[in-house]
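Examining the three-dimensional arrangement
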Protein chains: 2
Amino acid sequence: MTNRRIFIKTGVFALLGGTTLASCQPKFNVTSTGVKPHLKMRFFPYELQLQHTFTVATYSRTTTPDVQVELEYDGIIGYGEASMPPYLGQSVESVTDFLSRVDIEQFDDPFRIEDIMAYLDTIEPSSKLQLGAKDDTAAKAAIDIALHDLVGKMLGAPWYKIWGLNPADAPDTTFTIGIDTPDVVREKTRECADRFNILKVKLGRDEQSDKEMIETIRSVTQLPIAIDANQGWKDRSYALDMIHWLKEQGIVMIEQPMPKEQVDDTAWVTEHSPLPVFADESMQRLVDVPKMKGVFHGINIKLMKCTGMREGWKMANLARALGMRVMIGCMTETSCACSAAAQLSPLVDFADLDGNLLISNDRFEGMKVVKGKITLNELPGIGIQPI
Amino acid sequence: MTNRRIFIKTGVFALLGGTTLASCQPKFNVTSTGVKPHLKMRFFPYELQLQHTFTVATYSRTTTPDVQVELEYDGIIGYGEASMPPYLGQSVESVTDFLSRVDIEQFDDPFRIEDIMAYLDTIEPSSKLQLGAKDDTAAKAAIDIALHDLVGKMLGAPWYKIWGLNPADAPDTTFTIGIDTPDVVREKTRECADRFNILKVKLGRDEQSDKEMIETIRSVTQLPIAIDANQGWKDRSYALDMIHWLKEQGIVMIEQPMPKEQVDDTAWVTEHSPLPVFADESMQRLVDVPKMKGVFHGINIKLMKCTGMREGWKMANLARALGMRVMIGCMTETSCACSAAAQLSPLVDFADLDGNLLISNDRFEGMKVVKGKITLNELPGIGIQPI
């Protein structure tokens, strides 16, 4: 029993990386089987069921196509996910086609995330194969998320911790009030007003509908509201007038007021706007961030658009260094991708991580919204467990 | 014996962060003592003895003032170091004064690196206390390096691995041939030509001395040479002429050709230069990087100037995102700070990490230069062990 106690003590000390010679020896080049295994990948389509019909300026739907990915290394499983809302131009077909062309088994070290992600960017885009996918960012994000979950589990720590962030800095999440009849909007707003500290509304239709939507919500609550105009306003003067009106209604930020093609008009709106203006459709990946300096006050980082946590982390740091604000968003997705995005949330000014709350068939338990605030757990990796 | 074998297997599996419920539980909120300890710091002056008198355009010396730092948490020790070459404006007095005013014990979680480094930037600069130190960057770097060593040991992995980098991408290091009599230069060059694949020469004196130095080395070897002009050239046309002449001599890059005050002249030289031009004295920290875009082709990151690994990592990623080149340099320092810098080296175009090779009283074994190439080990943290 004494021997066992000593062994446990040593074990714990080694686990904590003590400075004994033993614990200073490399640990990841030896595996539980003794041989160095290669990465294995599994994936399958998983249609997300929406709790309520989802309506934005351009369309409405009741499901979201999604592909679940698992990476296995030495008996450890990392979970990832690709969510494909139609406007991204990706589909179950394009994602599964892309994933089926990924030779992940060539890698025997999941820590080589830079190499693996660089390799993914060399694979022929599904679009060239007439599958309609723009650039497979969701498929790449699924692999990136699974890699981070796997590596975080091997390190025994969640990514916000590995990144040196303080989970107490995680912000409130916005919750989207969908466009609907005044009665339904009032009812939904009442529900949400008790659970969230900031709401989100998608505008960008005609002036009367947009203002009616805000007034309906304001007839129920005075909570701060974030606006996503989804490129809906075509005239810069009209956009600025709307923003001034919205500020009077207690709105706190505006996302993508104008079409992404209207760069100069957007820069003009941003220059004159009394509210911070964030880029969404106008940007996708790391290379786009410097181009947005001067056009928007801030950027919206979405893992499905930027190829995952690694590039998202770099985008957040780049935007900060350029003096820009940062928000993190999501698609309708399970707690897998939402919890991955939540790892970055202590870095951001605004978070829109309600995707997992919008579906009725979540596969994971992970990041929680407690009294409206994003609440990170201490589980290693992206912080999830299968339900 | 069977029990013990099973226990070992479970132990290893847990160590590898397997997906068993047990291994999914948080590990860092429990310590070997059961109570959550606070960070403790020790530090002491340690004068570095130089193997050869060190001469640059502006001065020469035989020692470098240095302060060694240790951070302890739960019985684990992280090592850090502040090296203070005179031109940095920092000293043993300013560093020890700064460190004595750091209340590190207020932190009970070494993973909160962002919070801890932000706190250090709120401490009154030693300069205000008439100690002559510009901004205590070396003192801050010493704490940052010790924190990374500590956290890396807790995670059981070296930082290049945690950052997702491939150690095979680590470049050759340059080795500096000091300014001396032709005979001594030829002798030193012969020694170095066998051990290194790229040399470094500090120019910036008069034209005759500069050209004689290059011709003396070329009489011995045709190895590629990196140049550090240390702000020595005051006239932009002269600087450009020298760069053209140097290109004919097989020089591959130029560091800080002109005084940092001459921004426009430097931008002109960079625009016309046939060789990549890197910023050294012209920049220090993350906020300076965007300002160097258009003025230089690349930046030289030095931990003692940028406050350590955390900010250095962000600077490298920022420069890359801005399409700039990156090099990593060092001061004369022990294998502690050099090995910390080496963790970043797989990211850079040029590395000048010979600081530990220039001293005769190193305290650590760490990053090695094998056949001229930076060779990273698998030791956790910054990859060092006390000698």
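These numbers come from a predicted model, not from an experiment.

Comments concerning the overall build of chain A
When you go through chain A residue by residue, the secondary structure sums to 14 helices and 17 strands. Considering only contacts in chain A between residues 6 or more positions apart, those separated by 24 or more positions represent 71%. In the form shown here, chain A has an accessible surface area of approximately 14,300 Å², with 52% of it arising from carbon and sulfur atoms.

What about the sheet that holds strand β4 (residues 66-73) of chain B?
Think of a sheet as strands paired side by side through backbone hydrogen bonds, with each pair either parallel or antiparallel. All names here are of chain B. Across the sheet, which stays open at both edges, the three strands sit in the order β1-β4-β5 with antiparallel pairing between neighbours. Pairing within the sheet leaves two strands with one partner each, and these edge strands are β1 (40-45) and β5 (76-83). On average, adjacent strands in this sheet sit at an angle of 20° to one another, irrespective of strand direction. One ladder, built from eight bridges, connects β4 with β5; its direction is antiparallel. Each residue of the ladder has a partner; that of Leu-71, found in β5, is Gly-78. Docked against the sheet, helix α5 (residues 137-155) engages β1, β4 and β5, running at close to 155° with respect to β5.

Details of the side chain of A:Asp109
Following the sequence through the fold, A:Asp109 ends up in the loop between α3 (92-100) and α4 (113-120). Judged by relative accessible area, which is 6%, A:Asp109 ranks as buried. Side-chain polar atoms of A:Asp109 contact the backbone nitrogen of A:Phe111, separated by 2.8 Å. For A:Asp109, the contacting residues outside a window of four places in its chain are A:Tyr73, A:Ile116 and B:Lys161.

With respect to the packing of helix α8 (residues 207-218) of chain B against helix α9 (residues 236-248) of chain B
Residues and elements named next belong to chain B. Following both chains from N to C, one finds α8 and α9 inclined at 15°, their axes separated by 12 Å at the closest point. One finds that α8 runs roughly parallel with respect to α9. Note that α8 runs across α9; the crossing there is right-handed. Contacts between α8 and α9 involve Glu-207, Asp-210, Lys-211, Ile-214 and Glu-215 from the former and Tyr-238, Met-242, Trp-245 and Leu-246 from the latter. Residue composition of the contact of α8 with α9, grouped by class: five nonpolar, no polar and four charged.

A closer look at the pairing of strand β11 (residues 298-302) of chain A
Residue and element names in this part refer to chain A. The element β11 is extensively covered by neighbouring structure, given that five of its five residues are classed as buried. Burial along β11 is two-sided: the face carrying Gly-298, Asn-300 and Lys-302 and the face carrying Ile-299 and Ile-301 are both buried. Sheet analysis places strand β10 (residues 277-279) next to β11, joined by two bridges and oriented parallel. Following the sheet pairing, Ala-279 is matched in β11 by Ile-299. By the bridge criterion, five bridges tie β11 to strand β12 (residues 325-329) in an arrangement that is parallel.

Regarding the sheet that holds strand β7 (residues 199-202) of chain A
Residue and element names in this part refer to chain A. Taken together, the eight strands give an open sheet; going across it, the order is β6-β7-β8-β9-β10-β11-β12-β13, and neighbouring strands pair in parallel fashion. Each edge of the open sheet is held by one strand with a lone partner, namely β6 (175-177) and β13 (350-351). Seen against the sheet, helix α8 (residues 207-218) touches β6, β7, β8 (225-228) and β9 (251-255) and runs at an angle of roughly 155° to β7.

Here we look at the packing of aromatic side chains
Remark: the centre distance and the inter-plane angle together describe each pair of aromatic rings, the angle taken between the planes. Following the criterion strictly, the structure yields 14 aromatic pairs over all chains and no others. A centroid spacing of 4.6 Å and a plane angle of 20° characterise the contact between A:Phe175 and A:Phe196, whose relative ring orientation is stacked. Here A:Phe196 lies in the loop between α7 (182-195) and β7 and A:Phe175 lies in strand β6, a separation of 21 residues in the sequence. For the pair shown, A:Phe175 and A:Phe196 are each scored as buried. With a centroid separation of 5.5 Å and an interplanar angle of 55°, the aromatic rings of B:Trp159 and B:Trp163 are classed as tilted. Taken together, the ring pairs in this structure connect A:Trp159, A:Trp163 and A:Trp313 into an aromatic cluster. Over the ring of B:Phe111 we find A:Lys161, and its NZ or CZ is 5.1 Å from the ring centre. A cation sits over an aromatic face here: B:Arg236 above B:Trp268, 4.2 Å from the ring centre.

Quick notes on the packing of α9(B) against helix α10 (residues 263-272) of chain B
Helix-helix packing is characterised by the crossing angle of the two axes and by the distance between the axes. All names here are of chain B. Relative orientation of the contacting elements α9 and α10 amounts to 30°, with a least axis distance of 9 Å. Judged by the angle between their axes, α9 and α10 are roughly parallel. For α9 against α10, the interelement crossing comes out right-handed. Touching Arg-236, Ser-237, Ala-239, Leu-240, Ile-243 and His-244 of α9 are Asp-265, Trp-268, Val-269 and His-272, all from α10. Classifying every residue of the contact of α9 with α10 gives five nonpolar, three polar and two charged.

Re the pattern of salt bridges
In the structure shown here, the tally under the stated rule is 44 salt bridges over all chains. One continuous salt-bridge network, built from bridges that share partners, spans A:Asp121, A:Lys140, A:Arg285 and A:Glu311.

Here's the deal with the environment of B:Ile123
All names here are of chain B. Checked against the element boundaries, Ile-123 lands in the loop between α4 (113-120) and α5. C-alpha separation for the pair Ile-123 and Glu-207, spaced 84 residues apart in sequence, amounts to 44 Å. Contacts of Ile-123, omitting those with residues within four sequence positions, involve Phe-98, Arg-101 and Val-102.

Here's the deal with empty space enclosed by the protein
Throughout the structure, instances matching the rule amount to five cavities of 30 Å³ or more. Lining of the largest cavity is provided by A:Trp159, A:Ile162, A:Trp163, A:Arg310, A:Trp313, B:Trp159, B:Ile162, B:Trp163, B:Arg310 and B:Trp313. Of all the secondary structure elements, the ones that give two or more residues to the lining of the largest cavity are α6 (159-162) and α13 (309-321) of chain A together with α6 (159-162) and α13 (309-321) of chain B. Estimates place the volume of the second largest cavity at around 60 Å³. Around the second largest cavity, the lining residues are A:Leu286, A:Lys314, A:Asn317, A:Leu318, A:Ala321, B:Leu286, B:Lys314, B:Asn317, B:Leu318 and B:Ala321. Going through the elements one at a time, α13 of chain A together with α13 of chain B are the ones with two or more residues in the lining of the second largest cavity. Here the residues of the lining of the second largest cavity sort into six nonpolar, two polar and two charged.

Parameters and conventions
- Residues numbered from 1 in each chain as written.
- Chains lettered and ligands numbered in written order.
- Predicted model: local features only at pLDDT ≥ 70, side-chain atom pairs only at ≥ 80, totals over all residues.
- Heavy atoms only, no water.
- Helix = DSSP H or I, 4+ residues; strand = E, 2+ residues; numbered from the N terminus.
- Contact = heavy atoms within 4.5 Å.
- Areas by Shrake-Rupley, 256 points an atom, 1.4 Å probe, with all protein chains shown as cover.
- Pairing = 2+ DSSP bridges.
- Axes fitted to C-alpha atoms, helices over the stretch in contact; angles between N-to-C directions.
- Buried < 20%, exposed > 50% of the residue type's maximum accessible area, 1.4 Å probe, protein only.
- Polar contact = N/O pair within 3.5 Å; in protein donor to acceptor, adjacent residues only side chain to side chain.
- Parallel < 35°, antiparallel > 145°, perpendicular 65-115°, else oblique.
- Left-handed = near helix turned anticlockwise from the far one by under 90°.
- Nonpolar A, V, L, I, M, F, W, Y, C, P; charged D, E, K, R; others polar.
- Phe/Tyr/Trp six-rings, centres within 6.5 Å; stacked < 30°, edge-to-face > 60°.
- Lys NZ or Arg CZ within 6 Å of the ring centre and 35° of its normal.
- Salt bridge = Lys/Arg side-chain N within 4 Å of Asp/Glu carboxyl O.
- 1 Å grid on protein atoms, 1.4 Å probe; cavity = no way out; pocket = protein on both sides within 12 Å on 5 of 7 lines; lining within 4 Å.
- Points joined across faces, edges and corners; volume = space filled by probe spheres on them.

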